[in-house]
Amino acid sequence: MLDMSASASLAMTHLATLAKEVDEDKVTPGVLGFIVFAVMALAVWGLMRSMSRHMNKVDFKESPDAEAQPEDAPAGPRAKQG
C-alpha cells in the first residue's frame, strides 16, 4: 500500500465512502451487473450461432480407405509371421 499513487488513493477513499452508503442488508448487482450479463449472453449466443454454421459445413461421410485390410485377414505384426 505504500506504493499507491495519489489518484489510486483518492479513488479508494471515494469508494470507501460509497460503500458505507450501501445498505448492508440489501445488495443488488444494479444496472452495471445487468449490462455485463446481457453482453455475455449476447456473446454466447453469437458464438453458438457461429459454431452451428461451421458445424453444418462439416461433411461427416467417410470415404473407404484404399489401404484397409479386409475383415477376414488377421491384422497386426504377428499375423505376418509364418
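Keep in mind it's a predicted model, so treat the numbers as computed, not measured.

1. Section: the overall build of the protein
When helices and strands are tallied, the protein shows two helices and zero strands. Within the span of the protein, comprising 82 residues, buried residues form 0% of the whole. For the protein, the computed accessible surface area is about 8500 Å², with 63% contributed by carbon and sulfur atoms.

2. Here's the deal with a nonpolar patch on the surface
On the surface, Val44, Met48, Met51, Met55, Val58 and Phe60 cluster together to form a nonpolar patch covering roughly 620 Å² of accessible area. As for its placement among the helices and strands, Val58 is situated in the segment after α2 (30-57). Judged by relative accessible area, Val58 falls into the partly exposed class, the value being 39%.

What counts, and at which threshold
- Residues numbered from 1 in each chain as written.
- Predicted model: local features only at pLDDT ≥ 70, side-chain atom pairs only at ≥ 80, totals over all residues.
- Heavy atoms only, no water.
- Helix = DSSP H or I, 4+ residues; strand = E, 2+ residues; numbered from the N terminus.
- Buried < 20%, exposed > 50% of the residue type's maximum accessible area, 1.4 Å probe, protein only.
- Areas by Shrake-Rupley, 256 points an atom, 1.4 Å probe, with all protein chains shown as cover.
- Patch = residues over 30% accessible without salt bridge, like charges linked within 9 Å, V, L, I, M, F, W, Y side chains within 5 Å.
- Salt bridge = Lys/Arg side-chain N within 4 Å of Asp/Glu carboxyl O.

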